[in-house]
Amino acid sequence: MRRLKLLCLPYAGGSANLYAAWRRRFQAGIACMPIELTGRGVRRQLAFYEGMKDAAEDVVEQMMNHVTDREPYALFGHSMGGMIAYEAAHLILERQLPPPALLIFSGRPAPHVERTDANIHQLPDADFMKRIEEMGGTPSELFADQQLRNIFLPVLRADFRLVETYVYKPRAPLPYRFLVVAGTTERWTDEQLNGWHSHTSAGCRITRLEGGHFYWNGNPEPITSLLSEELQFLHANIGWERG
């Protein structure tokens, strides 16, 4: 049975566990398979990434452990995860590895859009935590509990360092189909999202779902329904089997 594998990358501070609730929301023909980044979850003993290239290299290695030449797959990344997914896609192309049927970038403007935010990963703990809480998406109990804070603060710092030290490198458009998703009250403008069109030669669909930057936290139904719709479109074109 050929199933399409949906490989998922988390946002800053997140782990593979973010997608636990997604597994039961897809038809049997779609297998949701979260990718765990280093320094968290079952890979918490591994060192954090030194930079985006390091992250992309690791993610591609993990992805290729999950897919073969005969298995279709899609890659989803939210926010930081979308940045890693973009760099991973270029490595896949350069190395002529099995290509993705779809790349899904969530909560991210086009990669060439310059960051305007001040860097925060080197701030003192109190200031750093305040800025993280202001962004939303992080449960208040995370910083209120000393033990949880000791676990997650290093992860957040490492992830924000990854994002804030990333340097975009212009390259030819990718030959992969894109789906770009953002919240209706997301700060990224339509122009910043539409910029994704220039990074693919295979077509790009852009849509917004109700909510802000963390539009799918607490209610994954809209995004999983959208992904099911898009993946069923792929089913009609690449012929992967239903369960």
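You'll find the structure just up there.
Residues numbered from 1 in each chain as written. Predicted model: local features only at pLDDT ≥ 70, side-chain atom pairs only at ≥ 80, totals over all residues. Heavy atoms only, no water.

K.L.:
Talk me through the overall build of the protein chain; I want residue IDs and the actual numbers.
P.N.:
Tallying secondary structure elements over the protein chain gives seven helices and six strands in all. Seen in sequence order, the protein chain has helices and strands lined up from the N terminus as β-β-α-β-α-β-α-α-α-β-α-β-α. Taking 2.2 N^0.38 as the reference for a compact globule, 243 residues should give roughly 18 Å; the C-alpha atoms of the protein chain span a radius of gyration of 17 Å, in line with that estimate. By its C-alpha atoms, the protein chain is 50 × 35 × 35 Å across when sized along the principal axes. Taken over 243 residues, the protein chain has a buried fraction of 52%. Pairs at least 24 residues apart make up 79% of the contacts formed inside the protein chain by residues separated by at least 6 positions. Summing over all exposed atoms, the protein chain offers an accessible surface of approximately 11700 Å²; the carbon and sulfur share of this is 50%. Of note, the protein chain has its 26 positive side-chain charges centred 4 Å away from the centre of its 28 negative side-chain charges. (Helix = DSSP H or I, 4+ residues; strand = E, 2+ residues; numbered from the N terminus. Rg over C-alpha atoms; globule rule 2.2 N^0.38 Å. Buried < 20%, exposed > 50% of the residue type's maximum accessible area, 1.4 Å probe, protein only. Contact = heavy atoms within 4.5 Å. Areas by Shrake-Rupley, 256 points an atom, 1.4 Å probe, with all protein chains shown as cover. Lys, Arg positive; Asp, Glu negative; His and termini not counted. Charge placed at Lys NZ, Arg CZ, Asp CG, Glu CD.)

K.L.:
Please set out the packing of aromatic side chains residue by residue, giving values where relevant.
P.N.:
Tallying each qualifying case throughout the model produces 14 aromatic pairs. Between the aromatic rings of Phe 105 and Phe 178, the centroid separation amounts to 5.0 Å while the plane-to-plane angle is 75°, which identifies the pairing as edge-to-face. With Phe 105 in strand E4 (residues 102-106) and Phe 178 in strand E5 (residues 178-183), the pair connects residues that are 73 residues apart, well separated along the chain. Assigned by exposure class, Phe 105 and Phe 178 land together as buried. Aromatic ring contacts, followed pair by pair, group Tyr 11, Tyr 19, Trp 22, Phe 26, Phe 76, Phe 214 and Trp 216 into a single cluster. (Phe/Tyr/Trp six-rings, centres within 6.5 Å; stacked < 30°, edge-to-face > 60°.)

K.L.:
Report on the side chain of Glu 36, specifying residues and quantitative values.
P.N.:
Inspection of the secondary structure assignment puts Glu 36 in the loop between strand E2 (30-34) and helix H1 (52-66). Reaching out from Glu 36, the side chain makes a polar contact with the backbone nitrogen of Ala 16 at a distance of 2.9 Å. Setting aside anything within four residues of it in sequence, one finds Glu 36 in contact with Ser 15, Ala 16, Gly 41, Val 42, Arg 43 and Gln 62. (Polar contact = N/O pair within 3.5 Å; in protein donor to acceptor, adjacent residues only side chain to side chain.)

K.L.:
Can you lay out the side chain of Thr 200 for me, pointing to particular residues and giving the numbers?
P.N.:
Checked against the element boundaries, Thr 200 lands in the loop between helix H6 (190-194) and strand E6 (204-209). Here Tyr 176 takes part through its backbone oxygen, which lies 2.5 Å from a polar atom of the side chain of Thr 200. Polar contacts involving the side chain of Thr 200 include one to the main-chain amide nitrogen of Ala 202, which spans 3.0 Å. Those residues in contact with Thr 200 that sit more than four places away from it in its chain are Pro 173, Leu 174, Tyr 176, Arg 177 and Phe 178.

K.L.:
How would you sum up the sheet that holds strand E1 (residues 4-9)? Please name residues and give values.
P.N.:
Strand order in the open sheet formed by six strands is E2-E1-E3-E4-E5-E6, and the pairing between neighbours is parallel. Unpaired on one side and paired on the other, E2 and E6 mark the two borders of the sheet. Looking at each pair of strands side by side, their axes are set apart by 20° on average, direction ignored. As defined by bridge partners, strand E3 (residues 73-78) adjoins E4 across five bridges and the pair is classed as parallel. (Pairing = 2+ DSSP bridges. Axes fitted to C-alpha atoms, helices over the stretch in contact; angles between N-to-C directions.)

K.L.:
Break down the environment of Ala 31 for me, with residues and values.
P.N.:
With respect to the helices and strands, the residue Ala 31 is situated in strand E2. For Ala 31, a relative accessible area of 8% translates into the label buried. Between the C-alpha atom of Ala 31 and that of Pro 154, which follows or precedes it by 123 residues, the distance is 31 Å. Ignoring sequence-local partners within four residues, the contact set of Ala 31 consists of Arg 3, Leu 4, Lys 5 and Leu 6.

K.L.:
Quick one: what's the story with the packing of helix H3 (residues 125-135) against helix H5 (residues 146-164), residue by residue and with numbers?
P.N.:
A packed helix pair is summarised by two numbers, namely the angle formed by the two axes and the spacing between the axes. Close contact between H3 and H5 brings their axes to 12 Å; oriented N to C, the two are set at 80°. One element, H3, and the other, H5, form an angle in the roughly perpendicular class. Residue-level inspection shows Asp 125, Phe 128, Met 129, Ile 132 and Met 135 of H3 in contact with H5, the latter providing Arg 149, Leu 153, Leu 156, Arg 157 and Phe 160. Partitioned by chemical class, the residues of the contact of H3 with H5 number seven nonpolar, no polar and three charged. (Parallel < 35°, antiparallel > 145°, perpendicular 65-115°, else oblique. Nonpolar A, V, L, I, M, F, W, Y, C, P; charged D, E, K, R; others polar.)

K.L.:
I'd love a proper account of the pairing of E3, names of residues and values included.
P.N.:
Two faces make up the sheet, and in a regular strand the side chains alternate between them. Taking burial as the measure, the six residues of E3 include six buried ones, the bulk of the element. Taken together, the five bridges between E1 and E3 define a ladder with parallel strand orientation. Residue pairing across strands places Leu 6 opposite Ala 74, the latter belonging to E3. With helix H2 (residues 80-94) bridging E3 and the parallel E4, this β-α-β connection has right-handed handedness. (Right-handed = clockwise from strand over helix to strand, strands pointing away.)

K.L.:
I'd love a proper account of the packing of H1 against H2, names of residues and values included.
P.N.:
For the pair H1 and H2, interaxial distance at closest approach is 8 Å and the crossing angle is 70°. Comparing their axes, H2 and H1 come out roughly perpendicular. Handedness of the crossing formed by H1 with H2: right-handed. Facing H1, whose interface residues are Met 52, Ala 55, Ala 56, Glu 57, Val 59, Val 60, Met 63 and Met 64, H2 presents Met 83, Ile 84, Glu 87, Ala 88, Leu 91 and Ile 92. (Left-handed = near helix turned anticlockwise from the far one by under 90°.)

K.L.:
Would you mind going over the pattern of salt bridges in detail, with residue names and values included?
P.N.:
Scanning all chains against the criterion turns up 14 salt bridges. If you follow the salt bridges from partner to partner, you end up with Arg 177, Arg 205, Glu 229 and Glu 230 in one network. (Salt bridge = Lys/Arg side-chain N within 4 Å of Asp/Glu carboxyl O.)

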